[in-house]
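# Chain and residue survey
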Amino acid sequence: MNNEFPEALKINKRKKLSTREFKADDKLYHAFSREDLSEDGVIEVNSIRFPDFSCNWGRFSQPGHVRFRKNGNMTDGCYSFTVLTSRYKGIATPVHDPVDDEFFPNYSHVEVRELYEGEDVLFEPPKNRKKKKSSKSRRLEYRKNLLNNIAIELELI
């Protein structure tokens, strides 16, 4: 793999997009490492940090681009799921959140953020908002659904 930083991830004066710009079948890419796997090589449900789960938006990224992030590794694997999956039961929604970093810019960066009761999937939950105490069973159901709907895009190296 070419270790040169991908041009597609650079901000290049592009503007942040609204939640309305996501299409249901758009892919969201997330990196995984050996530490995220169970002994039998399956991605662990507890490896999914939810809420505020970072991904790359497939509209502006390729699976291998997840390796070009702060603390990323060229040996990381990548899995994907759709925007529709991320909006499971209206529990969460993806928010375009470009990372304007001198060394690791990422225009494709998305955070899957938890929605409060009554908020629509097109609503944009603010970054770092104080989290309401949501039930552990609800968050676990969400993470399990996500795992049931992932596709491995890149195996670990």
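Residues numbered from 1 in each chain as written. Predicted model: local features only at pLDDT ≥ 70, side-chain atom pairs only at ≥ 80, totals over all residues. Heavy atoms only, no water.

## Details of the overall build of the chain
When helices and strands are tallied, the chain shows 2 helices and 6 strands. In the chain, the succession of helices and strands from N to C terminus is β-β-β-α-β-β-α-β. Compactness check: the chain gives a C-alpha radius of gyration of 15 Å against a globular reference of 15 Å for 157 residues, within 12% of the reference. Across its three principal axes, the chain shows a C-alpha extent of roughly 45 × 45 × 25 Å. Counting every position in the chain, which comprises 157 residues, the buried fraction comes to 46%. A fraction of 76% describes how many contacts in the chain between residues 6 or more apart in sequence connect residues 24 or more apart. Carbon and sulfur atoms form 49% of the exposed surface of the chain, whose accessible area is close to 9,100 Å². Charge-centre separation for the chain: the mean point of 28 positive side chains lies 5 Å from the mean point of 25 negative side chains. (Helix = DSSP H or I, 4+ residues; strand = E, 2+ residues; numbered from the N terminus. Rg over C-alpha atoms; globule rule 2.2 N^0.38 Å. Buried < 20%, exposed > 50% of the residue type's maximum accessible area, 1.4 Å probe, protein only. Contact = heavy atoms within 4.5 Å. Areas by Shrake-Rupley, 256 points an atom, 1.4 Å probe, with all protein chains shown as cover. Lys, Arg positive; Asp, Glu negative; His and termini not counted. Charge placed at Lys NZ, Arg CZ, Asp CG, Glu CD.)

## Describing the pattern of salt bridges
Tallying each qualifying case throughout the model produces 13 salt bridges. The partner of K10 in a salt bridge is E7, and the shortest N-O contact between them spans 3.2 Å. The class of K10 is partly exposed, set by a relative accessible area of 29%. D76 is the salt-bridge partner of R69, the closest N and O atoms lying 2.9 Å from each other. Given the relative accessible area of 31%, R69 is considered partly exposed. (Salt bridge = Lys/Arg side-chain N within 4 Å of Asp/Glu carboxyl O.)

## A short note on the packing of aromatic side chains
Under the definition given, this model contains 8 aromatic pairs. Their ring planes at 55° and their centres at 6.4 Å tell us that Y88 and Y142 sit as a pair that is tilted. Of the two residues, Y88 sits in the loop between α1 (83-86) and β4 (92-96) while Y142 sits in helix α2 (residues 136-148), which places them 54 residues apart along the sequence. Across the pair, Y142 and Y88 agree in class, each one buried. Through successive ring pairs, a cluster of aromatic residues spans F22, W57, F60 and Y107. Here R129 stacks its cationic end above the ring of Y116, 3.6 Å away from the centre of that ring. (Phe/Tyr/Trp six-rings, centres within 6.5 Å; stacked < 30°, edge-to-face > 60°. Lys NZ or Arg CZ within 6 Å of the ring centre and 35° of its normal.)

## Some details on α2
For α2, built from 13 residues, the straight-helix expectation of 18 Å at 1.5 Å per residue is met to within 8% by its first-to-last C-alpha distance of 18 Å. Taken residue by residue, α2 has R139, Y142, R143, N145, L146 and L147 as its buried positions. For α2, the secondary structure elements touched by its buried residues are β2 (53-57), β3 (77-82), α1, β4 and β5 (109-114). (Expected span 1.5 Å × (residues − 1).)

## As for the sheet that holds strand β6 (residues 151-154)
The 6 strands lie next to each other as β4-β5-β2-β1-β3-β6, forming an open sheet whose pairing is antiparallel. The two strands at the open ends of the sheet, each matched to only one other strand, are β4 and β6. Direction aside, neighbouring strands of the sheet carry axes that sit 40° apart on average. Pairing analysis gives 5 bridges linking β4 to β5, with the strands arranged antiparallel. (Pairing = 2+ DSSP bridges. Axes fitted to C-alpha atoms, helices over the stretch in contact; angles between N-to-C directions.)

## A closer look at the pairing of β4
In terms of burial, β4 is a largely internal element, 5 of the 5 residues being buried. Here β4 shows no split at all, with A92, P94 and H96 on one side and T93 and V95 on the other all buried.

## Topic: the nonpolar core
Counting residues in hydrophobic clusters, the biggest one holds 25 residues, and the most contacted among them are L28, I48, F53, Y79, F81, V112 and Y142. For this core, the elements supplying multiple residues, two or more each, are β1 (27-32), β2, β3, β5 and α2. Apart from the residues within four sequence positions on either side, I48 is in contact with F53, Y79, R143, L146 and L147. (Core = buried A, V, L, I, M, F, W, Y, C linked by side-chain atoms within 4.5 Å.)

Treat this as a map of the structure, not an account of what it does.
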